[in-house]
Amino acid sequence: MNNLYFTEEHNLFRKSLQDFLQKEVVPHIDKWEQTGEIERFIWKKFGEMGFLGIKYPEAYGGMDLDLFYTIILLEELQKINSGGFAAAIWAHVYLAMTHLDAEGSEAIKQKYLTPSISGEKIGCLCITEPFGGSDVAGLRTTAVKDGDSYTINGSKTFITNGILSDYLIVAAKTDPEAGGKGISIFVVDRETPGISATKLDKLGWRASDTGEIAFDNVKIPAENLLGEEGKGFPYIMQHFSLERLIMGVNAHARAEFALEYALKYMSERQAFGKTIDQFQALRHSIADLATEVEFCKAFNYSVTYRLNKGEYVVKEATMSKLKSTKVADDVIYQCLQFLGGYGYMEDYPLARMLRDSRLGPIGGGTSEILREILAKIIIDKKAYKPAT
Ligand SMILES: Cc1cc2nc3c(=O)[nH]c(=O)nc-3n(C[C@H](O)[C@H](O)[C@H](O)COP(=O)(O)OP(=O)(O)OC[C@H]3O[C@@H](n4cnc5c(N)ncnc54)[C@H](O)[C@@H]3O)c2cc1C
């Protein structure tokens, strides 16, 4: 399957990324998992290597490479087993920066996208609010225009990179009466007076800082509006395809990693005079799990291929996240079981994986919401269209 989508250049990129991660990131992961804080130097190193700009235009320091390079980045980040570190990187590159690139003016791109690619500035995307995350159109944060500025009031929660980021991409209502049509997107400097953030404690993704953010009369220049006023909802929905595919790819990659680890363990662990990979009950379970992972991977690559060609793949990306995150949870749960008591120990990778994986069916659109979207597409023949 690899040869269908990955060239020799892709494979070389994967190898150099693997070497980089082993040398520069892996030695620090346990510390960051403990402190819940990823040190700044690593962002700069990622920037120097070009990894933060693989998808973005050369004009801003990026490499403008096809989406399969992104897939490689995502897969390899999962295989160093810190869902939190991976999330910090991909939330910056594919949640925050996507809006800068797609909707930002030239001045905004120079000011925020270029330093984001070099690793000097970190971003976050603020959509979810304490009152609710699934109902995006119902968000309550407001941005009121007054001459050449907007004033933002409201709060956001569960924001990845919400504490340590330098800028925030914020969804707010510019016309509260207009529902989904009244949402606009802004870039907001962290230093702007009136912003405060509180770090949240959580089950997994422990290396990543997740924050609740309050906006109290935060005054920003009108030129910090991204794209057009009132178009925020379609922009968010448009980028959800990539975000959901990313979460699907992350899921197949961590499931694959769990399976590889468990297989190695099972080939060494003995019980009743033989290695445990010789017990038929476990062998059949492995056969089922490997089949599920392979199906997800093949599907996710095919969706990537179509997205890379510019197709609008809302349905497929939604299916990718729905199915792959479920498969990942099932695979990781079962792989932990294969390790017996060791699976439950922090010295072995499955315990962290189990915690980290649990976010898959929740973040970036819960499985229930994804089923709602799919039901509307499949049953009601609803057509989702790109923002114009
Ligand atoms: C660690 C972490 C990181 C995150 N990072 C970010 C981030 O960077 N930026 C950001 O904006 N958000 C982020 N989120 C938020 C995430 O996207 C939301 O938690 C998610 O969309 C669900 O919203 P909610 O938590 O408000 O749940 P709710 O919307 O309150 O839903 C609660 C439950 O009700 C169900 N439900 C709701 N509506 C329906 C319906 N119509 N039909 C059936 N069931 C329904 C949901 O599926 C869920 O099970 C993050 C969350 C976490 C935990």
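Predicted model only: the values in this text are computed from it and were never measured.

(A) Spatial organisation of the packing of aromatic side chains. Under the definition given, this model contains 20 aromatic pairs. With 5.3 Å between their ring centres and 55 degrees between their planes, Tyr342 and Tyr348 make a pair best called tilted. Classification of Tyr342 by relative accessible area gives partly exposed; the value is 36%. In this structure an aromatic cluster arises from ring pairing among Phe13, Phe20, Trp32, Phe41, Phe46, Phe51, Tyr69 and Phe85. Seen from the ring of Phe131, Arg140 lies directly overhead, with NZ or CZ sitting 3.8 Å from the centre. The lysine or arginine in question, Arg244, covers the ring of Phe240, its NZ or CZ lying 4.2 Å from the ring centre.

(B) Structural context of the site of the ligand. Taken together, 19 residues surround the ligand, and among them Thr128, Gly133, Ser134, Phe158 and Thr366 come closest. A distance of 2.6 Å separates an oxygen atom of the ligand from a polar atom in the side chain of Ser134. Relative to its unbound accessible surface of 980 Å², the ligand loses 65% to contact with the protein. The element contributing the most residues to the shell around the ligand is strand E3 (residues 149-160), with three residues. Along the lines of polarity and charge, the residues of the shell around the ligand split into eight nonpolar, nine polar and two charged.

(C) Examining the domain arrangement of the chain more closely. Along its sequence, the chain is carved into domain 1 (8-122), domain 2 (124-230) and domain 3 (233-378). When each unit is reduced to the centre of its C-alpha atoms, the spacing between domain 1 and domain 2 is 23 Å. Taken together, the contact between domain 1 and domain 2 spans 31 residues of the former and 22 residues of the latter. Both faces combined, the contact of domain 1 with domain 2 buries some 2100 Å², and carbon together with sulfur accounts for 61% of it. Counting the surface domain 1 buries against domain 2, the share from its top three residues, His99, Tyr112 and Ile122, is 25%. Connecting domain 1 to domain 2 are two salt bridges.

(D) Unusual backbone geometry, seen in detail. Of note, the phi angle at Asn161 is positive, near 65 degrees, even though the residue is not glycine. Along the polypeptide, Asn161 turns up in the loop between E3 and strand E4 (167-173). Judged by relative accessible area, which is 2%, Asn161 ranks as buried. Even without glycine at this site, Asn217 takes up a positive phi of about 50 degrees.

Cut-offs used in this document
- Residues numbered from 1 in each chain as written.
- Predicted model: local features only at pLDDT ≥ 70, side-chain atom pairs only at ≥ 80, totals over all residues.
- Heavy atoms only, no water.
- Phe/Tyr/Trp six-rings, centres within 6.5 Å; stacked < 30°, edge-to-face > 60°.
- Buried < 20%, exposed > 50% of the residue type's maximum accessible area, 1.4 Å probe, protein only.
- Lys NZ or Arg CZ within 6 Å of the ring centre and 35° of its normal.
- Near = heavy atom within 4 Å.
- Polar contact = N/O pair within 3.5 Å; in protein donor to acceptor, adjacent residues only side chain to side chain.
- Areas by Shrake-Rupley, 256 points an atom, 1.4 Å probe, with all protein chains shown as cover.
- Helix = DSSP H or I, 4+ residues; strand = E, 2+ residues; numbered from the N terminus.
- Nonpolar A, V, L, I, M, F, W, Y, C, P; charged D, E, K, R; others polar.
- Domains from an automatic or database assignment.
- Contact = heavy atoms within 4.5 Å.
- Buried area = accessible area lost by both parts, 1.4 Å probe.
- Salt bridge = Lys/Arg side-chain N within 4 Å of Asp/Glu carboxyl O.

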